[in-house]
Amino acid sequence: MTIIEMLGQSGLLTLLGMCVVFGFIIILICCMKLLQAVVRALRLDKETPADVPQSQSAVSSAPAADSGAVIAAIAAAVHDKALKS
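Residues numbered from 1 in each chain as written. Predicted model: local features only at pLDDT ≥ 70, side-chain atom pairs only at ≥ 80, totals over all residues. Heavy atoms only, no water.

On to a positive patch on the surface. A cluster of like positive charges, contributed by K33, R40, R43 and K46, occupies part of the molecular surface. Among the structural elements, K46 can be located in the loop between α1 (3-41) and α2 (54-60). K46 gets classed as exposed once you look at its relative accessible area, which sits at 57%. (Patch = residues over 30% accessible without salt bridge, like charges linked within 9 Å, V, L, I, M, F, W, Y side chains within 5 Å. Areas by Shrake-Rupley, 256 points an atom, 1.4 Å probe, with all protein chains shown as cover. Salt bridge = Lys/Arg side-chain N within 4 Å of Asp/Glu carboxyl O. Lys, Arg positive; Asp, Glu negative; His and termini not counted. Charge placed at Lys NZ, Arg CZ, Asp CG, Glu CD. Helix = DSSP H or I, 4+ residues; strand = E, 2+ residues; numbered from the N terminus. Buried < 20%, exposed > 50% of the residue type's maximum accessible area, 1.4 Å probe, protein only.)

This next bit is on α1. Here α1 contains 39 residues, and its C-alpha end-to-end distance of 57 Å stays within 8% of the 57 Å for a straight helix at 1.5 Å per residue. Two residues or fewer after α1 comes R43, characterised by a positive phi angle close to 55°. (Expected span 1.5 Å × (residues − 1).)

The next point concerns the pattern of salt bridges. A full pass over the atoms with the stated rule returns one salt bridge. Across the pair K84 and D80 runs a salt bridge whose closest N-O atoms are separated by 3.6 Å. Of this pair, K84 and D80 both sit in helix α3 (residues 64-84), four residues apart, which is roughly one turn of the helix. For K84, a relative accessible area of 66% corresponds to the exposed category.

There is a patch of nonpolar side chains on the surface, built from V21, F24, I25, L28, I29 and M32 and spanning about 590 Å² of accessible area. Within the element layout of this structure, L28 appears in helix α1. By relative accessible area, L28 is classed as partly exposed at 42%.

Next comes the structure, spelled out in structure tokens:
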């Protein structure tokens, strides 16, 4: 087997491998689009208020006094870091 024949076979094998990968990616994209259509058709993508965890609602309704404490803690940390530098 000559060098030219081996290069031809390796080029063919490379193209075949790239086609297999490209075909798999196309199939994967089609499956994802199909799954998206099914989820939207069954209305499984809508989040109800009962599904929201309590931690998210607690964070959004934090009192204003707590934000002042957070700002003071951040200012103290920055001041302490500036003194150590």
